[in-house]
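These are the residues of each chain, in order.
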Amino acid sequence: MSSANAAVSFQYDTPELADAYERAGVVQFNHGQVLIERLRIAPGERVLDVGAGTGRLAAYVAELVGPAGEVVGIDPLGHRIAIAQSRSGANVRFATGQAEDLSAFADGSFDVVYLNSVLHWIADKPRALAEAHRVLRPGGRIGLNTKDPSKPHEIRGFIQTALADAGLAGRRRDPQGGSDGAALQVLLEEAGFRPGDSVLHTIVDFHDNVDDLLTWSESSAFGNFLSGFSPDERSHIRAALAARLESRRTPDGLRLERYLRFATAVKPAAS
Ligand SMILES: C[S@@+](CC[C@H](N)C(=O)[O-])C[C@H]1O[C@@H](n2cnc3c(N)ncnc32)[C@H](O)[C@@H]1O
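The present account deals with the structure reproduced in this document. Everything numeric in this text was worked out from a predicted model, so none of it was measured. (Residues numbered from 1 in each chain as written. Predicted model: local features only at pLDDT ≥ 70, side-chain atom pairs only at ≥ 80, totals over all residues. Heavy atoms only, no water.)

**Thoughts on the site of the ligand**
Around the ligand sit 19 residues, and of these Tyr21, Gly51, Asp75, Ala99 and Asn116 come closest. Contact between the ligand and Glu100: a nitrogen atom at 3.0 Å from a side-chain N or O atom of the residue. Across the complex, the protein chains shield 97% of the 590 Å² of accessible surface that the ligand would expose by itself. (Near = heavy atom within 4 Å. Polar contact = N/O pair within 3.5 Å; in protein donor to acceptor, adjacent residues only side chain to side chain. Areas by Shrake-Rupley, 256 points an atom, 1.4 Å probe, with all protein chains shown as cover.)

Next comes the structure, spelled out in structure tokens:
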């Protein structure tokens, strides 16, 4: 099952949200390292990071490919690319761009393409994966992780309950569209890939408080998490969420689980 994206807008991002993501996105960096490990990136390889955000993971990969390799990171959000560019170096560079249009890159010009916490945001997934396939060399690898609609993040249930508590039930549409294992396999095969591993990981996060959780959620969603709600409505949602999350308080913070499907695939040498 693949779930469709409600309208995702790139227009809600701000310099403040980009700065907040630069701090809060350590969460994505941590599971991104797991993705990178699965791709077994070697010195000298050319790597494309699609949806690179503020570039922390791309800079990490640049250390793996070393001076003989290169990492290019693209993202549609100019404020995030501006931060990423402060990480540019001899073997890592960043530019604005979207997964669905990789025309800035030649056919077969990368050894590896990866998308860390990005696929569920992309409206036209077949086109994005076809583009990734085109820019990979024969034998090149793709790696990604994505939400799986068969196992929603725990925050989703809490938000729905908080909205109901605040008298706002039914007002929010989840802006992301994930893919379960079967749907992801079809997407990868139809783009021309030979799918490899596909594993659902459970990730446990601890947030200091409700504001920390909301900052992480809103900056990760580049302003789409509670778009459409007035400041007054947001403060009601925040209060309701804070009350509901007390059930998750631990000595380490508010404990919430997320579930991400990690998949790798290869562009067959003959395609
Ligand atoms: C949760 S952030 C992940 C950022 C980065 N990959 C990381 O690991 O920190 C999701 C990113 O996906 C990007 N994104 C959303 N739609 C995209 C698209 N169609 N093409 C490329 N990137 C996209 C957003 O701009 C945002 O930076």
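Picking up after the structure, the text goes on.
**A word on the nonpolar core**
Counting residues in hydrophobic clusters, the biggest one holds 27 residues, and the most contacted among them are Leu48, Ile142 and Leu188. Mapped onto this core, the elements with two or more residues apiece are β1 (46-50), β2 (70-75), β4 (110-116), α5 (125-135), β5 (136-147), α7 (181-190) and β8 (253-266). For Leu188, the residues in contact, after removing those within four places along its chain, are Leu129, Ile142, Leu144, Phe193, Pro195, Ala263 and Ala265. Listed in part, the 24 residues of the second largest apolar core include Trp121, Ile159, Leu214 and Leu245. (Core = buried A, V, L, I, M, F, W, Y, C linked by side-chain atoms within 4.5 Å. Buried < 20%, exposed > 50% of the residue type's maximum accessible area, 1.4 Å probe, protein only. Helix = DSSP H or I, 4+ residues; strand = E, 2+ residues; numbered from the N terminus. Contact = heavy atoms within 4.5 Å.)

**Observations regarding the environment of Ile41**
Among the structural elements, Ile41 can be located in the loop between α2 (26-39) and β1. Taking the C-alpha atoms as reference points, Ile41 and Val61, 20 residues apart in sequence, are found 8.0 Å from one another. Among all residues touching Ile41, those that are not within four sequence positions of it are Ile36, Val47, Val61, Leu64, Val65, Val112 and Arg141.

**A closer look at the pattern of salt bridges**
Applying the stated criterion across every chain yields a total of 19 salt bridges. In this structure, Arg171 engages Glu233 in a salt bridge whose closest nitrogen and oxygen atoms are separated by 3.0 Å. Here Glu233 lies in helix α9 (residues 231-245) and Arg171 lies in the loop between α6 (154-165) and α7, a separation of 62 residues in the sequence. Among the ionic pairs, Glu246 bridges to Arg249, the shortest N-O distance being 3.0 Å. (Salt bridge = Lys/Arg side-chain N within 4 Å of Asp/Glu carboxyl O.)

**A few points about the packing of aromatic side chains**
Per the stated rule, a full pass over the model turns up four aromatic pairs. Considering the side-chain rings of Phe10 and Phe222, the 5.9 Å spacing of their centres and the 35° angle between planes classify their relative orientation as tilted. Within this pair, whereas Phe10 is found in the segment before α1 (15-24), its partner Phe222 is found in the loop between α8 (210-220) and α9, the two being separated by 212 residues in sequence. Aromatic side chains Trp121 and Phe222 sit 4.7 Å apart centroid to centroid with 50° between the ring planes, which places their arrangement in the tilted category. With Trp121 in the loop between β4 and α5 and Phe222 in the loop between α8 and α9, the pair connects residues that are 101 residues apart, well separated along the chain. (Phe/Tyr/Trp six-rings, centres within 6.5 Å; stacked < 30°, edge-to-face > 60°.)

**As for the environment of Gly108**
By secondary structure assignment, the location of Gly108 is in the loop between β3 (92-96) and β4. With 63 residues separating them in the primary sequence, Gly108 and Glu45 have C-alpha atoms 13 Å apart. Discounting residues that sit within four places of it in the chain, Gly108 has contacts with Arg134, Val135, Leu136 and Arg137.

**Here's the deal with the packing of α6 against α9**
Running from N to C, α6 and α9 point in directions that differ by 125°, and their axes come no closer than 8 Å. Classified by the angle their axes make, α6 and α9 are oblique. α9 is crossed by α6, and the crossing has right-handed handedness. Each of Phe158, Ile159, Thr161, Ala162, Leu163 and Asp165 in α6 lies in contact with α9, whose residues at this interface are Ile237, Ala240, Leu241, Arg244 and Leu245. Here the contact of α6 with α9 is built from residues that sort into eight nonpolar, one polar and two charged. (Axes fitted to C-alpha atoms, helices over the stretch in contact; angles between N-to-C directions. Parallel < 35°, antiparallel > 145°, perpendicular 65-115°, else oblique. Left-handed = near helix turned anticlockwise from the far one by under 90°. Nonpolar A, V, L, I, M, F, W, Y, C, P; charged D, E, K, R; others polar.)

**Observations concerning unusual backbone geometry**
Phi is positive for Ser117, which is not a glycine, with a value near 60°. The phi torsion at Phe222 lies on the positive side, around 40°, for a residue other than glycine. For Phe222, a relative accessible area of 8% puts it in the buried group.

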